[in-house]
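Breakdown of the fold
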Protein chains: 2
Amino acid sequence: MVVLRALLLLVLLQGAVRAEEGKWTPPQVLEFNPGTLQAMGLRIPPEEIWSPSKGTGLLSAAVNIGGCSASFVSATGLIATNHHCIFGILQEHSSTDNNIIRDGFLARTRQQELPSRTTRVTVPLAFTDVTEDIERAATGASDDLARYRAISRRQKELVAACESKPHRRCRLSQFDGGVQYILQEMMELPDVRLVYAPPRAIGEYGGGGGKWVWAPPTGDFGIARAYVSPSGEPAEYSPNNVPYLPQRFLQISQKPLRDGDFVMVLGYPGVTYRSLLAKEMEERRDLFFQRRVDLYGEWIELLNAMSREDEKGGIAVAADLKTLLNRHKNAQGQLDGFRRGSLVEKHREMEDRVATWAADRPEWSRAVAARSELLHHFEERLVTWERDFLFDNIAAGSKALYWATVLVQMVQEREKPDMERPEAFMERNLPRFTTLLHRQQKSYFEAADQQLFASWIRRARNLPVSQRIRAVDKFFPASMTEEQVRDAIQQLYHNSRVTDLDSRNQMIRESVDSLRKRQDPLLQFAWELEAQLADFREASHRWEGTVSRLRPQWRKAVMAYAGKPVAPDANGTLRVSFAHVKGYSPRDGVYYQPFTTLRGVLEKHTGKDPFDAPETLRNAARNVEHSRWKDQELGELAVNFLATGDTTGGNSGSPVVNGYGELVGLNFDRVWENVANDFGYNPAIARNVSVDIRYLLWTLEEIDKATELLGELQVAPATTQP
Amino acid sequence: MVVLRALLLLVLLQGAVRAEEGKWTPPQVLEFNPGTLQAMGLRIPPEEIWSPSKGTGLLSAAVNIGGCSASFVSATGLIATNHHCIFGILQEHSSTDNNIIRDGFLARTRQQELPSRTTRVTVPLAFTDVTEDIERAATGASDDLARYRAISRRQKELVAACESKPHRRCRLSQFDGGVQYILQEMMELPDVRLVYAPPRAIGEYGGGGGKWVWAPPTGDFGIARAYVSPSGEPAEYSPNNVPYLPQRFLQISQKPLRDGDFVMVLGYPGVTYRSLLAKEMEERRDLFFQRRVDLYGEWIELLNAMSREDEKGGIAVAADLKTLLNRHKNAQGQLDGFRRGSLVEKHREMEDRVATWAADRPEWSRAVAARSELLHHFEERLVTWERDFLFDNIAAGSKALYWATVLVQMVQEREKPDMERPEAFMERNLPRFTTLLHRQQKSYFEAADQQLFASWIRRARNLPVSQRIRAVDKFFPASMTEEQVRDAIQQLYHNSRVTDLDSRNQMIRESVDSLRKRQDPLLQFAWELEAQLADFREASHRWEGTVSRLRPQWRKAVMAYAGKPVAPDANGTLRVSFAHVKGYSPRDGVYYQPFTTLRGVLEKHTGKDPFDAPETLRNAARNVEHSRWKDQELGELAVNFLATGDTTGGNSGSPVVNGYGELVGLNFDRVWENVANDFGYNPAIARNVSVDIRYLLWTLEEIDKATELLGELQVAPATTQP
């Protein structure tokens, strides 16, 4: 009997361990055996997390704020998220006279709260499975390209219909290549105001942004509030607006969070790639990230060298250089992670097991065939991989080349009906896009740009015969020496108006004909490229059609084999991750403990950025011994904690709740060793990083004396102690 | 009853924790309550560690090898120590044809063992307390300078008498400023041969030398053998010599070492400063290490700049630059450690407690007075601190300045009777000293040397009025501009023969008179300096006399107050440290685990120095799963381990033994956070680093197939397994 119970517990725990891998959709939460979740540490019924019949639950408190996740934390519309997620509002209102980026901000009355022109909050309302609808639309498509177009058109129609209701923002999401299509209906609240932000030296302590090593204890938190019209409708900013009263908000936990505790991460993870075939992952590892390391490495060196020679140019390219550095470092991290986790090897093993299993089952013979066909088409695409990689990286390199190609595509797309254009060129998106092209001018540094252009051309000229780019062969034939190429590029730039902001703004609005008549040499090169680029785009669309036809068949076999819920890849939709607070070993002989503390903030303080803890914090820290937020077990104030949460980009600001559904932290990053997590879950190092809610409460109470804000958060005043 | 036992255990354990602080002398081991040591984990009677009546015990297996510690590990004279401790023998025998530094070395027969010209082993024979003898000699000294001289003379007499026996090396050691004087009688074995050394890439994996962060797993081990004449007497190398049969050798442990295990570190720690008064420590913290950071920082920048301009010069100063870098980094580490451990503050608290306790006890009134008087004299010395710091650093800076001052002192000392000279200038030491002056020529780079000279002069010219250096004021008066000073220095160098090797070799042998007659301008400057330098040396001697008179009185009060054994400061004599295997937290959120493993060696392998694991190792690592040396609990082969051992320089190569007195490791370093340990024990970070003996055994067995050597170490061949 005891043995049986132990066995049962073992089974439950194994289930528990498995449930840590995966970003679960709201309906999937209810597919779990409630006993499994209870064994993990859930203390509320799963229906409390999400009840589809009522369209409510904990998850309805999890909202999206400008690409980040966030949560309602009061009956009066207060929203908790990361400092870096509300940075835009701080920028809007910061000035040299009133540097709230540096000093932080606290509205002591509602009148003092700072409205934002750009930040919007979307609240989840309903999720509708439209898979049948989409599949119906795709039925009878003559080939995969037609299939792609049919799906694309139906998607736009469904979104347009959904958004015809007032204040609705709708999105159609594809799960694992088309296993499911979900139409998400969200309410958009455009009046969002800043309530509280810590000084940057707290909010970004250690420099922020995932490039660091565990752990500079970071206070990556901030508070906003959503407003609606007096009648309760979403509305643009007005002084007459009133706080939004959310259907559901998260209570703040009054219980100390401890090592081993069960937690859930709620939010909107962006994109992951775990449903790819092993062969497709291999391409990421052996081609994609390798080439990125190589290409971006070259461009970084180039921009660094140019910046040293020309200070003004250096300032212009600084932001692009930073982006390249981030991507370069990320690609290296991905390669490390692939190696460390043997991700491709493990994925292939799993895939082989499923294939063996399916081979014996006639009902899955189509799945096996679908996988083979998908692999076949995938390998066809590898034939022009190197050329396609260059096409894909036009936007990341020379601005002149990018602008020229975009202009050529744009004038063509604008002559099509709106519903037939790619999303970026649809009327509702065009203003945003042209603003972007406008803004890029300040990052333009001609001398460096010519070199980026030359690098791209040099790489194109080195392509194998089977992958030649005709425009390059025409403008820069093999007979030209390197030096002649350089001169030709200089001439191209010299005689073109594409890099001139005013001319470009003019060109955007022109017809295909008049743009052609300009005979601008850079545009002429782009027109030559365009024929092949259009083919390349079409091939990509065809591939998407193929994927939508074949991948779902295979994925369904994978799920049937698993015999239990399998989490789909992240796609920006609302998810839950089940996790436990837990440290990890980043390398032999070293263990990262699950909590960092205020002691670490002081220990690392140098008085210089990024370790310049504000004096107010250092003063308050003197009395931390007596603070009610200090953890009695740690003997310290917890600042950040590690958990086994399965997260990715988009999970920034995600509420982290305990087994009772109470807020214990705000997710803000994952650990460096865990960047390849998007391709596979490695339990040894799969850790997300959150700021402990007690650090926020301590900061509000001891540094800012924000008694009223704490009251709104339902934190009772501390009982006076001798 | 249970409560009582628990209380008793608590008391024992507290005693245990306290015993981890301290490098205990052999007699002190017997002063402990055996129950305390048993509670810590000792499993043999304390008399087994050291029996004064028999003059034997475990400690007699701990020997000294060229400034390092080592131990006999076989009946046939095998000696285990660190790789870096036998590096000299590797250098003697390494060539481009036979690069044993790079490739390592294994003698498969005794004939193949490599003799050393310079390495000697000293075996402890007897320790005699001569405190009364010394005190008697000092009685009646007219003042503290006379006291210093009387002690110094008696010391030389005792050593000379002791060394009149054949093959004896003797040393008189002062404990805690003179609480005790012990005459150590040691046997010197001059025929030492290399038996085994791993490739440098194993022995120095990670770069070696304490500058790294836990933990590149390092195989810092090597094996030598001592030989004696066929009649069993110490003898210089001869092919007829036979292996020395030690009285006692250490058995190699066959039990796996684990986290929490009790261990002892035996060896010859060099020098620590814990018996200083808090005020004296404050001087180290606020003046000594601060000024070193400043002065060496300037000299490092200067040498770096000069090296960039002149490659040949750069090579010449490389070794000096490395020394400065090490000292600079060490000084910064000491400052960090002082801060981290609040060493001065804690020491002052302890001192105040003793002072309060002693104030109420008439029998200790002299101790209180002695402390006051010591402080008084110490503060007097602070008056010329900045000037004395410059005097002290003559040897670390310009070689021309150092040579000139040494020559001037040397010719004077040589005109005195041998027993009245400082040790360095005594006949038995003169050859070594002149060789050193000779060797320094290859580190001489005139352009850089002039700048170091100029830096010293500039600092001397900035001294306050009360600390002027008369020679500097005379040669470089205040009226001179910086530029004129530079020119004057150039002239000094130009017209001097001191920096010329042949001339200098000549000068060493001259009389005071003939050296004066040379009218060499650098020597003239040195003669001017010498008057003040002689005063400075005399003041230092007087201070040593004062210390020997007063510190013992105060230290005896400290010991009486403690009411239990107090370990004296390290002074190069044989000691034991009681410890436990234990990890630590170097900073908030991070824990260094007690073991590093072979997995870490592979994980860190880059193929480039210092992480270039040999192919032989990487091949052998493939089968580590099946090795008998793999730890079943770790699931890995242990390479290094951390323990709470109280160690310092000189403990390199120290045998680490378990509670049964069996060899489990070889100490080779302490962790970086622990460098200020010499001033105070901080239990949170006091960790020594040892190589696990199982890594040595695995290397011998799996990489080198050194079956016979393993047999000599009494390691039975592995039973063949399927």
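Residues numbered from 1 in each chain as written. Chains lettered and ligands numbered in written order. Predicted model: local features only at pLDDT ≥ 70, side-chain atom pairs only at ≥ 80, totals over all residues. Heavy atoms only, no water.

Overall, antiparallel pairing links the four strands, which are arranged S14(A)-S15(A)-S15(B)-S14(B) in an open sheet. Each end of this open sheet is capped by a strand with a single partner; those strands are strand S14 (584-587) of chain A together with strand S14 (584-587) of chain B. Neighbour-to-neighbour, the strand axes of this sheet turn through a mean angle of 40°, independent of strand direction. (Pairing = 2+ DSSP bridges. Helix = DSSP H or I, 4+ residues; strand = E, 2+ residues; numbered from the N terminus. Axes fitted to C-alpha atoms, helices over the stretch in contact; angles between N-to-C directions.)

Bringing the interface of chain A and chain B into the picture now. Contact residues are listed per partner, giving 17 residues for chain A and 17 residues for chain B. At the surface where chain A touches chain B, the tally comes to zero salt bridges. Here chain A is connected to chain B by nine residue pairs in polar contact (both at pLDDT 80 or more). When residues of the side of chain A that touches chain B are traced back to their parent elements, those giving at least two are S14, strand S15 (590-592), strand S16 (595-597) and helix H23 (598-604) of chain A. Residue classes in the side of chain A that touches chain B are distributed as six nonpolar, six polar and five charged. Sheet topology note: the S15 of chain A/strand S15 (residues 590-592) of chain B ladder contains three bridges and is antiparallel. By the bridge assignment for S15 of chain B, Tyr591 of chain A is matched with Tyr591 of chain B. (Contact = heavy atoms within 4.5 Å. Salt bridge = Lys/Arg side-chain N within 4 Å of Asp/Glu carboxyl O. Polar contact = N/O pair within 3.5 Å; in protein donor to acceptor, adjacent residues only side chain to side chain. Nonpolar A, V, L, I, M, F, W, Y, C, P; charged D, E, K, R; others polar.)

Take the state of the cysteines next. As used in these notes, a disulfide is a covalent bond between sulfur atoms, one from each of two cysteines. Residue and element names in this part refer to chain B. Within this structure, the stated rule accounts for four disulfides over all chains. Note on cysteine connectivity: Cys68 is disulfide-linked to Cys85, with sulfurs 2.1 Å apart. As the torsion about the S-S bond is roughly -80°, the Cys68-Cys85 disulfide counts as left-handed. Here Cys68 is found in strand S2 (residues 68-72), whereas its partner Cys85 is found in the loop between strand S3 (78-81) and helix H5 (87-93), with 17 residues between them in sequence. Residues Cys68 and Cys85 agree in their burial class; the two are buried. (Disulfide = S-S within 2.5 Å. Buried < 20%, exposed > 50% of the residue type's maximum accessible area, 1.4 Å probe, protein only.)

Residue and element names in this part refer to chain B. Burial analysis of strand S9 (residues 191-197) places seven of its seven residues in the buried class, which makes it a mostly covered element. Both strand S4 (residues 105-106) and S9 contribute to a ladder of two bridges, which runs antiparallel. Its bridge partner being in S9, Leu106 is matched across the sheet by Tyr196. The pairing of strand S5 (residues 114-115) with S9 spans two bridges and is classified as antiparallel. Note that in S9 the partner of Pro115 across the bridge is Arg193. Examined bridge by bridge, S9 and strand S10 (residues 222-228) share five bridges and lie antiparallel to one another. Paired with Arg193 across the two strands is Arg225, which belongs to S10.

So, about the relation of the copies chain A and chain B. The second copy of the chain is related to the first by a rotation about an axis and a shift along the axis. Rotating chain A by 179° and moving it 0.1 Å along the rotation axis overlays it on chain B with an RMSD of 0.1 Å. Viewed as a symmetry operation, the transformation between the two copies matches a two-fold axis. Within chain A, the C-alpha atom positioned nearest to the axis of rotation is that of Tyr591 of chain A, 2.5 Å from it. In this assembly, 100% of the residues forming the interface of chain A have copies in chain B that are likewise at the interface, indicating an isologous arrangement. (Least-squares fit on C-alpha atoms with pLDDT ≥ 70 in both.)

What follows covers the sheet that holds strand S20 (residues 688-692) of chain A. All names here are of chain A. Read across the open sheet, the seven strands follow the order S13-S12-S18-S19-S20-S17-S16; overall the sheet is antiparallel. In this open sheet, the two edge strands, each paired with only one partner strand, are strand S13 (575-580) and S16. Strand-to-strand twist across the sheet, computed as the mean angle between neighbouring axes with direction ignored, equals 30°. As paired elements, S16 and strand S17 (residues 638-643) share three bridges and run antiparallel to each other. Directly across from Phe595, in S17, lies its bridge partner Phe641. Along the sheet, helix H25 (residues 693-703) contacts S16, S17, strand S19 (663-670) and S20; its crossing angle with S20, the most-contacted strand, is approximately 30°.

Attention shifts here to the packing of aromatic side chains. Scanning the model with the defined rule gives 58 aromatic pairs over all chains in all. An angle of 50° between the planes, with centres 6.3 Å apart, marks the rings of Phe289 of chain A and Phe338 of chain A as tilted. Of this pair, Phe289 of chain A sits in helix H10 (residues 278-309) while Phe338 of chain A sits in helix H11 (residues 311-341), and the two are 49 residues apart along the sequence. Exposure remark for Phe289 of chain A: the relative accessible area of 5% places this residue in the buried category. Residue Phe338 of chain A is classed as buried on the basis of its relative accessible area, which comes to 1%. Both rings, one in Trp357 of chain A and one in Trp364 of chain A, keep their centres 6.1 Å apart while their planes meet at 40°; by these two values the pair is tilted. Among the aromatic residues, those joined into a ring-pair cluster are Tyr273, Phe288, Phe289, Phe338 and Phe679 of chain A. In this structure, Arg193 of chain B packs its charged tip against the face of Tyr227 of chain B, placed 3.6 Å from the ring centre. (Phe/Tyr/Trp six-rings, centres within 6.5 Å; stacked < 30°, edge-to-face > 60°. Lys NZ or Arg CZ within 6 Å of the ring centre and 35° of its normal.)

The next subject is the confidence of the model for chain A. Residues and elements named next belong to chain A. For chain A, the average pLDDT comes to 93, and 96% of its residues sit at 70 or higher. Contacts from residues 6-17, a stretch scored under 50 in pLDDT, to residues over four places away or in other chains number six contacts. Complex prediction metrics read pTM 0.86 and ipTM 0.81. (pLDDT = per-residue confidence, 0-100.)

We now examine the pattern of salt bridges. Residue and element names in this part refer to chain A. Throughout the structure, instances matching the rule amount to 108 salt bridges over all chains. With a closest N to O distance of 2.8 Å, Lys165 and Glu185 form a salt bridge. Linking Lys165 in the loop between helix H8 (144-163) and strand S7 (168-175) with Glu185 in strand S8 (residues 180-189), this pair joins segments that are 20 residues apart in sequence. Owing to a relative accessible area of 38%, Lys165 belongs among the partly exposed residues under this scheme. For Glu185, a relative accessible area of 15% puts it in the buried group. For Arg551, the salt bridge identified is with Glu280, shortest N-O distance 2.7 Å. A residue pair is termed long-range when its members are at least 10 positions apart, and Arg551 in helix H22 (residues 521-562) and Glu280 in helix H10 qualify at 271 residues. Just as Arg551 is buried, Glu280 falls in that class too. Taken together, the shared-partner salt bridges in this structure form one network comprising Arg258, Asp631, Glu633, Asp692 and Arg694.

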